Amino acid sequence: MVSLLAAPTPAQAHAATGAPNPVVLWNSNAQQAIYEVARQAPYVAPRSFAMVHGAIYDAVNAISGTPYEPYLTAPPARRGDSLDAAVAAAAYRVLISLFPAQAASLDEMYADALAKVPAGGAKNRGITVGERAAAAMIAARVGDGAFGDATWNASTAPGQWRPTPPTLGSDGAWVGDLRPFVIPRGDMFRTAGPPALTGAAWARDFNEVKAIGAVNSTVRTPDQTEAAIWWHDRRLTEWEIKRQVAERQHLGTLPAARFFAIAEIANADSLIACFNEKKFWNFWRPVTAVQSAADDGNPRTAPDPAWMPLLVTPPFPDYTSGHTCSTSTIMYAMRSFFGRDSIPFSAYSADSGTTRHFPSFSAALDEVVEARIWGGVHYREADVQGVRIGNGVAKYVLSHEFRRR
């Protein structure tokens, strides 16, 4: 596999000087604003992260001489303009447009970042470049369908989705209709759909999740239970993973800006494609299927009206798995960017209270496919097809954007 990693210039090599990489810093700041404060759900947050990092990339790329194709724009810039100021301005302007109620905390983050940049023309010009990149991103996403009034098609028909206990929630239907960042259409990666309820494939998926995904499962191991909870962490362990990998691989500002833009924008499009599938197939979750198996017409499945999953089921249909769509996209992007799979990493989950270690990107992806079954929230086919969609989206984004000029 050909590496997409570019060698940093001296001006970009923050790691060499011990200074924090501004892109990594603002990814952490963005997490604080997007999730910790705004509490955007894992299927909502990718749009916000994509906007932040798309703007950062365009600003940094412009100052670096535009060696890569711009995502939206290449603001007038010259080498020597402050990269740190540009990153801060781009991220801040996008975040303040998304979360005006957080003005006080965002202003503080921004002031702190700019205080570390020496005063002068380079700083001022960097701020201007970042602001222009942010303005282009904000304008591009106007009317994209975010937070629309679409609803899921709840139904009591066998195989069809309905709100699940204990929350009986319904959310995120608009994500599948969101205008993508790169892929042409949300339905570009349409699958053949979930297994027919009367077939052997459905019975295998059903009985697997029924046995190992139950809250009181006797076949799930302690490590599998930990993994299920770890991967369900609503802080999306991918954030920590991407920052850790970027820092340990000593990315300079331009490579980091490009890396995060690829990963975040591809991830947003992957979730759009995934939720488009969810809306199209409207397939029921395991908790509904197991409790109502008497209605599926398959003699190889047996109902258990008291069955509940280990994890709380998310408030939308099963097929395809959003988590495997997202994780496969991110792992594919990292594998392609660094030119190899065998980069070890680990991440801590506050939900499980544990850290899990992986020898490679593919090892992490293999585990999340299983973990969603162990947690009782997805069938195997939903996870497998989610991986297919995620890989397809990542491949498309890498072949159409962020290329070297």
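Refer to the structure printed above.
All figures in this text were calculated on a predicted structure; none of them were measured in a lab.

Caption draft 1: Summary view of helix 5 (residues 103-115). With 13 residues, helix 5 extends 18 Å between its outermost C-alpha atoms, agreeing within 8% with the 18 Å of an ideal straight helix rising 1.5 Å per residue. Along helix 5, the residues classified as buried are Leu106, Met109, Tyr110, Ala113 and Leu114. Around the axis of helix 5, the buried residues are gathered within 125° of arc, so they sit on the same side. Exposed side chains of helix 5 directed beyond 90 degrees from the buried face belong to Ala104, Glu108 and Ala115. On its buried face, helix 5 sits against helix 2 (22-37), helix 4 (83-98) and helix 6 (121-140).

Caption draft 2: Layout of the packing of helix 2 against helix 9 (residues 238-248). Following both chains from N to C, one finds helix 2 and helix 9 inclined at 170°, their axes separated by 10 Å at the closest point. Considering their axes alone, helix 2 and helix 9 lie roughly antiparallel with respect to each other. Contact with helix 2, carried on its side by Val24, Asn27, Ser28, Gln31 and Tyr35, involves Trp239, Arg243, Ala246 and Glu247 of helix 9 and no other residues of that element.

Caption draft 3: Molecular detail of unusual backbone geometry. The omega torsion across Pro165 and Pro166 is 5°, close enough to zero to call that bond cis. With respect to the secondary-structure elements, Pro166 resides in the loop between helix 6 and helix 7 (200-212). With omega at 5°, the peptide bond leading from Tyr319 into Thr320 counts as cis. Its identity is not glycine, yet Leu168 carries a phi of approximately 55°, on the positive side. Counting through the fold element by element, Leu168 comes out in the loop between helix 6 and helix 7. Here Leu168 falls in the exposed class, since its relative accessible area comes to 54%.

The rules behind each value
Residue positions are counted from 1 within each chain, in the order its sequence is given. The predicted origin of the model limits local features to residues at a pLDDT of at least 70 and limits the giving and counting of side-chain atom pairs to 80 or more, whereas totals for whole chains, interfaces and linings rest on all residues. The side-chain quantities take in all heavy atoms of the structure and omit both hydrogens and water. We count a stretch as a helix when DSSP gives it H or I for four or more residues in a row; a strand needs E for two or more, and each element gets its number in order from the N terminus. Helix span, expected: 1.5 Å multiplied by one less than the number of residues in the helix. Partly exposed describes any residue whose relative accessible area lies between the buried limit of under 20% and the exposed limit of over 50%, with all areas from a 1.4 Å probe on protein chains only and scaled to the type maximum. The arc in question is the one spanned by the directions pointing from the helix axis to the C-beta atoms. Whether two residues are in contact is decided by their heavy atoms: any pair within 4.5 Å suffices. In this description, a line fitted to the C-alpha atoms serves as the axis of each element, helices being fitted only across the stretch in contact, and the angle between N-to-C directions of two axes falls anywhere from 0 to 180 degrees. The scheme is simple: roughly parallel for angles under 35 degrees, roughly antiparallel for over 145, roughly perpendicular for 65 to 115, oblique for anything else.

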